[in-house]
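Take a look at the letters that make up each chain.
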Amino acid sequence: MAGISGLLVTVRTGKQGAEMMRGKMNPEYLDEISTLRINPDDMAEAQMLPGQKVKVSSSFGEVTVTCIASDVPRKLFFLPVGPVANRLVSGSDTDGTGVPAWKGEQVTIEPADQVQ
Amino acid sequence: MDQELKVHSDVICTFCGCLCDDIEVEVVDNRISKVKKACMIGRNKLMHAQSNNPDITIAGKPTSLDAAINEAVNILTNARFPLVYGLSSTTTEAQREMVEIAEILNATIDNPSSYCHGPGLMARQQVGLSSCTLGEVKNRADLVIFWGCNPLESHVRHLTRYSVSAKGMFHPEGRKSRKIVSIDIRPTPTTKSSDWFIQVTPGNTFEIATLLRALVANNPIGKGDDALIAGVAVSKWRELAEMIRGCKYGVIFFGLGVTQCRGRDINVEQLAVLVSEINNHTRFYAMAMRGHGNVAGGNQVMTWQTGFPLAVNFSRGYPRYNPGEFSVIGLLARKEVDAALIVATDPGAHLPADTGDHLKNIPVIYLEPHNNPTTEWATVVIPVAQAGVAASGTYYRMDNVPLRVKKIVDSDHLSDEEVLKRIKERITHAQNY
Amino acid sequence: MLRIINGKVYDPVNRIHGEIRDICIRDQKIVEGPLPPETEIIDAKGCVVMPGGVEIHSHVAGAKVNNGRMLCPEDSADHFRAHTEILRSGCNGVVPTTFLTGYEYARLGYTTLFEAAVPPLKARHAHEELRDTPILDTGCYTVMGNNYLVMKALNEPDEISRREKLMGVVAWLLESTRGYAVKIVNPGGVENWKWNRGLVDLDTPVPPFDVTPRMIMTGLARTAYELKLPHPIHLHTNHLGEPGNMAYTLETMKALSGSRAHFTHLQFHSYDKSKRGGFASGAVAIAEYFNNHPEFTCDAGLIVFGPTMTMTADAPMEFSLHQMKGGKWSNLDIEMETGSGVVPIKYQPDSLVNAVQWCLGLELMLLINDPWRVFLSTDHPNAGPFTSYPLLIKLLMDRDFRMSWYEMLHPKVKEYTCLHDLTREYSLEEIAIVTRSGPARALGLKNRGHLGAGAYADVAIYPFFDDKQKMFSSASYLIKDGRVVVRDGAIKESFSGRALGLELPVKGELAGDLKEYFEQYSTVAFSNYRVEEEYTPRPELIRCG
Amino acid sequence: MKSQIQLTLKKIPDIPVEAENIKPENMAGKTISEIKAIPILVGKCWEPAGDWFDIGIKESPESDSEKPVIDLFIKGDLTRFKRIGEGMSQGSMRIDGTVGFHAGAKMCGGELIINGNTGDYLGAHMKAGLIVVNGNAGHYIAAAYRGHAKGMAGGTIIIKGNAGQMLGARMRRGLIYVTGDCGDAPGFNMKAGTIIIGGTPGARAGARMVRGTIMLLNKDNLPELLPTFTYNCTYTPSFWGIARGVLSKMGVQSEAGTDLLFKRYSGDTNEGGRGEILISA
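Here the structure is a predicted model, which is why all the values come from computation and not from measurement.

Participant: Describe the overall build of chain B, with residues and values.
Facilitator: Each helix and strand in chain B was counted, giving 17 helices and 22 strands. For 433 residues, the compact-globule estimate of 2.2 N^0.38 gives 22 Å, and chain B sits close to it at 23 Å. Taking the principal axes of its C-alpha atoms as reference, chain B extends roughly 70 × 60 × 30 Å. Buried positions account for 71% of the 433 residues belonging to chain B. Intrachain contacts of chain B at a sequence separation of at least 6 include 66% that bridge at least 24 residues. Carbon and sulfur atoms provide 47% of the accessible area of chain B, an area that totals close to 12300 Å². The centroid of the 45 positive side-chain charges in chain B is displaced by 5 Å from the centroid of its 45 negative side-chain charges.

Participant: Residues and numbers for the pattern of salt bridges, please.
Facilitator: Tallied over the full model, the rule gives 83 salt bridges over all chains. Its salt-bridge partner being Arg373 of chain C, residue Asp370 of chain C comes within 3.6 Å of it at the nearest N-O pair. Relative accessible area serves as the criterion here: at 28%, Asp370 of chain C is assigned to the partly exposed category. A relative accessible area of 7% places Arg373 of chain C in the buried class. Glu271 of chain D serves as the salt-bridge partner of Arg208 of chain D, at 2.9 Å between the closest nitrogen and oxygen. Taken together, the residues Arg208 of chain D in the loop between β13 (194-197) and β14 (213-216) and Glu271 of chain D in the loop between β16 (262-267) and β17 (275-280) connect sequence positions 63 residues apart. When its relative accessible area of 7% is taken as the criterion, Arg208 of chain D is described as buried. Residue classification places Glu271 of chain D among the buried residues on the basis of a relative accessible area of 17%. Residues participating in the shared-partner salt-bridge network are Asp137, Arg448, Asp458, Lys480, Asp481, Arg498, Arg538 and Glu540 of chain C.

Participant: Can you explain the interface of chain B and chain C? Please cite residues and give values.
Facilitator: Between chain B and chain C, the contact holds 69 residues from the first and 62 residues from the second. In total, about 5300 Å² of surface goes out of reach between chain B and chain C, with carbon and sulfur atoms giving 49% of it. For chain B, the biggest contributors to the area lost against chain C are Met169, Arg283 and Trp304 of chain B; these three give 13% of the whole. At the junction of chain B with chain C, the criterion picks out eight salt bridges. Inspection of the region where chain B meets chain C yields 51 residue pairs in polar contact (both at pLDDT 80 or more). It is helix α3 (residues 92-105) of chain B that contributes the most residues to the side of chain B that touches chain C, seven residues altogether.

Participant: Requested: an account of the packing of aromatic side chains, with residues and values cited.
Facilitator: Residues and elements named next belong to chain C. Under the defined criterion, the tally for this structure stands at 35 aromatic pairs over all chains. Where Phe114 meets Tyr141, the ring centres are 5.5 Å apart and the plane angle is 15°; that geometry is what we call stacked. Of the two residues, Phe114 is situated in strand β9 (residues 110-118) and Tyr141 in strand β10 (residues 137-143); the sequence distance between them amounts to 27 residues. Looking at Phe114, the relative accessible area reads 0%, which means it is buried. Residue Tyr141 is classed as buried on the basis of its relative accessible area, which comes to 0%. Ring geometry for Phe305 versus Trp358: centroids 5.7 Å apart, planes at 20°, classification stacked. Highlighted residues: Phe305 in the loop between β16 (296-299) and β17 (306-312) and Trp358 in helix α12 (residues 352-367), separated in sequence by 53 residues. Summarising the burial analysis for this pair, Phe305 and Trp358 share the class buried. Among the aromatic residues, those joined into a cluster by ring pairs are Tyr105, Tyr110, Phe386 and Tyr389. Here Lys470 stacks its cationic end above the ring of Phe465, 4.3 Å away from the centre of that ring. We note Lys515 situated over the ring of Phe526; from NZ or CZ to the ring centre the distance is 4.7 Å.

Participant: Account for the domain arrangement of chain B, naming residues and giving values.
Facilitator: How big an interface is tends to be reported as the loss of accessible area on association of its parts. Residues and elements named next belong to chain B. Split by domain assignment, chain B resolves into domain 1 (5-42), domain 2 (54-116 + 293-432) and domain 3 (118-288). Centre-to-centre separation of domain 1 and domain 3, based on C-alpha positions: 32 Å. Taken together, the contacts link 13 residues of domain 1 with eight residues of domain 3. Counting the surface lost from both domain 1 and domain 3, the interface buries some 720 Å², and carbon and sulfur atoms represent 59% of this. Broken down residue by residue, the surface that domain 1 buries against domain 3 is led by Cys18, Cys20 and Cys39, which jointly contribute 54%. The interface formed by domain 1 and domain 3 holds three salt bridges in total. Across the salt bridge formed by Arg161 and Asp22, the nearest N and O atoms sit 3.3 Å from each other. Scanning the region where domain 1 abuts domain 3 turns up five residue pairs in polar contact (both at pLDDT 80 or more). Here the residues of the side of domain 1 that touches domain 3 sort into nine nonpolar, one polar and three charged.

Participant: Give a detailed account of the pairing of β10 of chain C, specifying residues and quantitative values.
Facilitator: All names here are of chain C. Most of β10 sits inside the fold, with seven of its seven residues counted as buried. Because side chains alternate across β10, one face comprises the buried residues Asp137, Gly139, Tyr141 and Val143, and the other comprises Thr138, Cys140 and Thr142, equally buried. Across five bridges, β9 lies against β10 in parallel orientation. Residue pairing for β10: Val118 is matched across the bridge by Thr142. Following the backbone out of β9, through helix α4 (residues 123-131) and into the adjacent parallel β10, one traces a crossover that is right-handed.

Participant: Help me get a handle on unusual backbone geometry, residues and values and all.
Facilitator: A cis amide bond, omega 0°, links Pro207 of chain C with the succeeding residue Pro208 of chain C. Within the secondary structure, Pro208 of chain C sits in the loop between α7 (189-194) and α8 (213-226). Backbone torsion omega between Gly267 of chain D and Asp268 of chain D reads -10°, so that peptide bond is classified as cis. Along the chain, Asp268 of chain D falls in the loop between β16 and β17. Phi at Asp10 of chain B is positive, roughly 55°, even though this residue is not glycine. Looking at where Asp10 of chain B falls in the secondary structure, it is placed in strand β1 (residues 5-11). For Asp10 of chain B, a relative accessible area of 24% translates into the label partly exposed. For Asp210 of chain C, which is not glycine, the phi dihedral falls at a positive 55°.

Participant: Go over the environment of Gly18 of chain C with me, naming the residues and quoting the values.
Facilitator: Within the secondary structure, Gly18 of chain C sits in strand β2 (residues 16-26). Discounting residues that sit within four places of it in the chain, Gly18 of chain C has contacts with Lys8, Val9 and Tyr10 of chain C.

Participant: Would you mind going over the packing of helix α9 (residues 205-217) of chain B against helix α12 (residues 265-278) of chain B in detail, with residue names and values included?
Facilitator: Residues and elements named next belong to chain B. Two numbers describe how α9 lies on α12: the axes approach to 8 Å, and their chain directions differ by 20°. Judged by the inter-axis angle, α9 sits roughly parallel to α12. Judged by the sense of rotation from one axis to the other, the crossing of α9 with α12 is left-handed. Counting all contacts with α9, which are made through Thr205, Phe206, Ala209, Thr210, Leu212, Arg213 and Val216, the residues of α12 involved are Ile266, Asn267, Gln270, Leu271, Val273, Leu274, Glu277 and Ile278.

Participant: Describe the sheet that holds strand β19 (residues 364-367) of chain B, naming the residues involved and giving the relevant values.
Facilitator: Residue and element names in this part refer to chain B. Ordered in space as β5-β4-β20-β19-β18-β6-β7-β16-β17, the nine strands form an open sheet in which the pairing is mixed. Each edge of the open sheet is held by one strand with a lone partner, namely β5 (61-62) and β17 (320-321). Looking at chain direction, strand β4 (residues 57-58) and strand β20 (residues 380-382) are connected through two bridges and run antiparallel. In the strand pairing of β20, Thr57 is matched with Val381. Its contacts with the sheet place helix α2 (residues 65-78) against β4, β18 (339-343), β19 and β20, and it is angled at close to 130° to β20.

Participant: Lay out empty space enclosed by the protein in plain terms, naming residues and giving numbers.
Facilitator: This structure, assessed with the given rule, holds eleven cavities of 30 Å³ or more. The calculated volume of the largest cavity comes to roughly 890 Å³. Only β1 (4-11) and α1 (14-22) of chain A together with β10 (179-184), α9, α11 (256-259) and α15 (347-350) of chain B provide two or more residues apiece to the lining of the largest cavity. At three residues, β1 of chain A tops the list of elements feeding residues into the lining of the largest cavity. Each residue belonging to the lining of the largest cavity can be placed in one class, and the counts come to 24 nonpolar, 20 polar and five charged. In this structure, the lining of the largest cavity is formed jointly by two domains, domain 2 (54-116 + 293-432) and domain 3 (118-288) of chain B, each of which donates at least three residues. Taken as a whole, the second largest cavity spans an internal volume of roughly 490 Å³. As for the second largest cavity, its lining consists of 27 residues, and the residues nearest its centre are Met21 and Lys24 of chain A together with Lys45, Glu368 and His370 of chain B.

Parameters and conventions
Residues numbered from 1 in each chain as written. Chains lettered and ligands numbered in written order. Predicted model: local features only at pLDDT ≥ 70, side-chain atom pairs only at ≥ 80, totals over all residues. Heavy atoms only, no water. Helix = DSSP H or I, 4+ residues; strand = E, 2+ residues; numbered from the N terminus. Rg over C-alpha atoms; globule rule 2.2 N^0.38 Å. Buried < 20%, exposed > 50% of the residue type's maximum accessible area, 1.4 Å probe, protein only. Contact = heavy atoms within 4.5 Å. Areas by Shrake-Rupley, 256 points an atom, 1.4 Å probe, with all protein chains shown as cover. Lys, Arg positive; Asp, Glu negative; His and termini not counted. Charge placed at Lys NZ, Arg CZ, Asp CG, Glu CD. Salt bridge = Lys/Arg side-chain N within 4 Å of Asp/Glu carboxyl O. Buried area = accessible area lost by both parts, 1.4 Å probe. Polar contact = N/O pair within 3.5 Å; in protein donor to acceptor, adjacent residues only side chain to side chain. Phe/Tyr/Trp six-rings, centres within 6.5 Å; stacked < 30°, edge-to-face > 60°. Lys NZ or Arg CZ within 6 Å of the ring centre and 35° of its normal. Domains from an automatic or database assignment. Nonpolar A, V, L, I, M, F, W, Y, C, P; charged D, E, K, R; others polar. Pairing = 2+ DSSP bridges. Right-handed = clockwise from strand over helix to strand, strands pointing away. Axes fitted to C-alpha atoms, helices over the stretch in contact; angles between N-to-C directions. Parallel < 35°, antiparallel > 145°, perpendicular 65-115°, else oblique. Left-handed = near helix turned anticlockwise from the far one by under 90°. 1 Å grid on protein atoms, 1.4 Å probe; cavity = no way out; pocket = protein on both sides within 12 Å on 5 of 7 lines; lining within 4 Å. Points joined across faces, edges and corners; volume = space filled by probe spheres on them.

This is the structure in structure tokens:
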């Protein structure tokens with residue numbers, strides 16, 4: 001089965017910030033926080049195409065997002081902070097500090113159509 | 001009909017820790033019609049400040065303010081382990097009320113810094129921090145290091161107002177006379193505008209800071225020059241250490257890439273010791289890239305009132321502190337809280353889903369100017385006048401410089417401070433104080 | 001209305017020396033009497049009645065104070081008070097939280113309190129905390145000794161223009177910050193440190209304006225005089241804490257002789273140097289010079305053994321303390337204004353340096369003849385927490401008690417100090433002077449520090465004990481503005497005090513080039529700099545002149 | 001004869017409970033009704049222990065063995081119970097079940113046995129005594145509370161399972177033995193004392209350590225040491241034999257012999273380099 005594992009890193013993006021201010025229900029915001037940045041080679045390895053819907057899953061949850069190719073390192077996947085990314089991260093996993101693993105949650109990504 | 005136009009200058013944008021205070025806002029008939037000088041985020045924040053306000057509701061049903069406040073008081077006084085949470089996007093005047101309410105209720109109080117820059121505060125509690133105000137950076141800094149942060153997307157005007165291209169007293173040419181270094185795990189707009197981008201492997205902030213300490217102080221290390229630390233050769237790190245020692249006034253801005261990655265608070269602890277030790281050679285400082293407009297103020301208020309900047313519990317009538325134990329995320333993940341008063345933050349969007357979900361199972365009172373994921377399920381929703389737009393008060397910039405945000409339009413709603421005062425008075429009355 | 005009867009009254013201003021007198025209070029003021037027969041009476045039989053205490057130098061509010069609290073959560077974990085129906089909770093035995101600060105000062109019989117160092121850019125913060133410091137009337141001093149606008153004005157070659165510009169800057173800074181006095185901390189030395197340069201002497205030119213500490217101190221002293229400020233420059237001189245700094249302090253006193261000046265925490269500035277370069281007391285020489293210069297006042301900065309926290313705008317001093325001690329260090333450079341640092345410290349009687357410091361502070365208080373010019377302070381929390389005042393009063397009043405401490409002190413301390421030779425014991429009247437009447441006079445507060453008609457009804461009543469530490473450790477009564485705030489050592493009522501500010505003779509205005517300069521290099525808009533009136537909801541403006 | 005007190009949890013609370021009053025010296029010599037009246041902090045209200053526990057007392061003969069007689073037994077899922085045994089100074093207590101935060105914190109004597117897992121800050125600032133955990137322990141075991149420079153000041157902690165992050169952080173004296181794995185930064189900024197780890201530690205062992213000893217008995221899958229540790233030699237420290245003996249007295253047998261060779265690394269050089277990490281060779 002096609003797919004790839006690595007670390008999910010949540011980040012701020014300009015668009016995420018700007019669209020959030022117009023309202024967290026607005027479609028542009030929801031689009032942006034559901035857009036995953038991934039290395040093109042990772043994408044090829046996982047048999048995914050730019051713009052494709054992919055399923056991202058961690059031991060705490062799963063989400064469906066759109067992937068786009070980006071100049072990020074391999075095996076690191078970047079998703080804007082927000083309610084979508086937050087379904088993959090757990091508050092029970094903070095190493096006693098109160099800070100969840102927003103910068104390094106182990107996830108697996110696979111094309112969404114395979115899931116159906 | 002004539003429209004009344006008012007132009008407000010030097011308005012303070014309340015979005016991020018930069019608190020840019022040069023914004024121009026035009027108001028026509030009490031509606032904000034134009035925003036100048038702000039970044040896109042700030043502009044959107046101001047332009048949409050007056051729209052999308054929620055109704056006053058209890059369990060989703062519209063009600064009166066009085067009834068909502070009564071219900072809030074009822075919930076809070078009956079709770080056995082209540083949480084007061086938020087503070088970050090409102091005035092210190094409102095934050096003070098929140099601390100007092102938490103105290104009267106013997107509740108736990110926390111703010112979002114506990115999962116953002118709280119680790120930096122915990123680090124300061126172990127070793128301190130050498131820091132400065134943003135104007136020092138603008139006027140003096142000849143070396144600026146952005147570490148685990150991407151201000152071009154999160155603090156958009158930081159570089160032009162304070163840290164990179166700002167024309168300072170001793171840097172009249174702005175960008176040209178400064179060296180800019182970025183340490184990050186991926187290219188970003190910020191790394192691309194730096195002189196030197198050091199791309200590192202994730203989760204290794206602590207190792208980098210450890211090595212830099214050794215290199216700056218000439219301590220022995222057990223690695224050769226070709227060995228990789230965070231994916232970068234020791235020799236490269238040595239170059240950075242030389243650059244650091246050679247500068248006149250250097251500053252590290254650190255972001256969530258430092259505080260939220262593997263190690264959390266000890267990353268900042270090591271970074272703070274590094275910065276402290278560099279001062280044996282030259283002047284050197286570090287500053288947290290604080291996010292929400294007044295999250296720094298929340299830490300200040302909690303510290304002068306309770307002694308601690310975050311994660312404070314009043315179960316015994318006096319303040320006690322322990323991040324992890326009394327942090328909002330720990331409390332909710334362990335499902336320890338039985339009611340919550342939440343002001344000026346959006347747990348529905350910001351918290352991990354499994355953590356935020358506990359809030360859906362307990363009564364939550366929510367003060368917020370706009371509809372958002374939390375207003376959808378909060379038990380009592382009380383819309384408020386937005387600070388810096390329809391309410392005035394104090395905000396602390398990321399360097400803890402306090403500024404007064406102004407009221408520039410009228411709102412139908414009370415401010416956080418006013419609603420909280422009413423809640424507090426009725427709690428006091430209900431508890432027969 | 002309230003009448004206090006049967007108490008032994010110490011009111012040095014009105015020459016009442018421990019006589020039984022009635023004190024009559026109507027509304028917020030002390031009145032001549034008589035009051036109607038149904039007036040509430042406080043029977044102060046067996047008690048001593050004094051004006052409310054006036055704290056002239058303490059660090060209780062603002063950025064570095066909060067930094068100190070934030071730095072040491074362990075001090076808060078060990079020392080706490082739960083909230084009650086009347087009182088807010090609080091903690092930290094070294095740098096108490098704001099509410100606790102107010103309550104503890106009130107329990108000691110204090111009613112007026114000055115925060116000793118506020119950088120203008122952080123003035124709102126100080127006022128926010130002072131608003132949360134209940135019961136006492138409060139004010140703050142505005143830090144100016146390394147301020148760019150001050151130094152730029154001083155750099156003006158033309159003398160008349162220089163004086164005018166400086167007056168404008170000082171008035172503008174006082175107004176903008178709602179400050180009460182001109183504070184100078186290590187003039188020029190903090191800015192020099194930011195350039196990674198060494199210590200400054202009186203005539204070291206300091207970048208970027210090449211003005212010297214002498215120019216800064218004399219210039220500001222003159223401006224304070226010309227503005228007719230009620231309190232003169234409040235001066236923390238260069239070289240704090242260095243062995244041998246006595247010589248520098250004497251030079252500074254000479255430079256300022258003839259103009260009023262308040263030398264703060266003088267103990268830290270009065271060290272002689274031993275033959276081996278160590279610390280020795282310079283109290284004799286300093287006190288001698290000081291005794292001959294009635295234009296000067298000072299506070300002592302007495303050391304208290306135990307853990308405490310140093311905090312000051314003197315950033316280089318804190319840095320060298322950190323280099324010496326290791327451990328925690330917080331620093332904050334403030335653009336165009338000053339620096340600041342915080343370092344926790346523990347004074348130990350078996351440390352020779354600390355023992356010398358301990359003796360030296362007491363020596364100054366005993367060798368300076370005129371109690372109207374030397375005041376009790378610990379430079380809270382730098383030399384020790386203010387809650388130690390009762391102990392220090394006992395040390396001043398009881399020579400046997402003083403001598404009993406030598407068992408604990410480092411055995412060599414007598415070689416470097418002369419405290420053991422001093423037999424003077426403070427009287428209750430002198431205590432009243434150094435803790436209330438003297439500071440009030442030095443601060444130009446005409447309605448405080450005494451119990452004559454027209455004064456604020458701020459009255460402290462202490463139970464009489466031979467043990468003076470016990471006597472002063474908690475007031476039987478504290479009356480603030482005519483309201484009984486403390487009864488039998490417990491706080492009965494809490495409310496906000498007044499914010500003490502100035503009514504200046506001129507409007508604070510920046511000269512054109514200075515304003516332009518500010519606008520170019522500050523990160524805060526000119527219009528957003530000035531502290532708004534909301535931060536001092538109960539202002540009391542003291543008229544200059 | 002010696003009395004044994006048994007506390008059995010009646011119901012699991014839905015909010016946190018603070019039960020520092022549950023420790024042997026608070027129970028000894030008390031009647032059932034007196035024990036029932038001992039206050040515990042449930043949420044923000046003080047409630048009698050009797051509302052939460054069934055309490056029994058039985059007399060038992062003095063044991064002849066060297067092992068002390070257990071004074072206090074507690075049974076139940078005590079995950080939400082914090083501070084059990086906090087400051088305990090004498091006697092012994094056995095918990096059959098999982099306990100919450102701060103168990104045995106500031107302990108200055110006696111013996112605490114936990115047959116279950118523990119929360120964070122087990123034995124924090126412990127001064128003396130013995131804690132044995134027959135399960136996994138949380139984070140910040142034996143560590144210093146926030147702001148403090150020094151954590152555990154003495155005593156022994158034995159964890160038969162795994163431990164979390166920051167094991168023994170800033171400890172000043174004492175011995176910690178973990179049979180299993182531990183999280184990142186064991187011995188962080190430790191001032192002195194000994195930490196022995198049977199399994200695999202996380203990254204950054206001994207980070208910022210000033211003095212003290214960290215022994216890693218399992219060399220497999222060991223994460224790289226920090227660059228501020230330098231290799232000295234390979235040898236069998238005499239200390240190992242002593243430690244092994246002490247542990248075996250406490251029922252922990254090491255498979256490795258007394259002649260086990262260790263590679264010695266000294267560090268953290270940033271803190272003076274007087275600490276050591278000994279890795280089984």
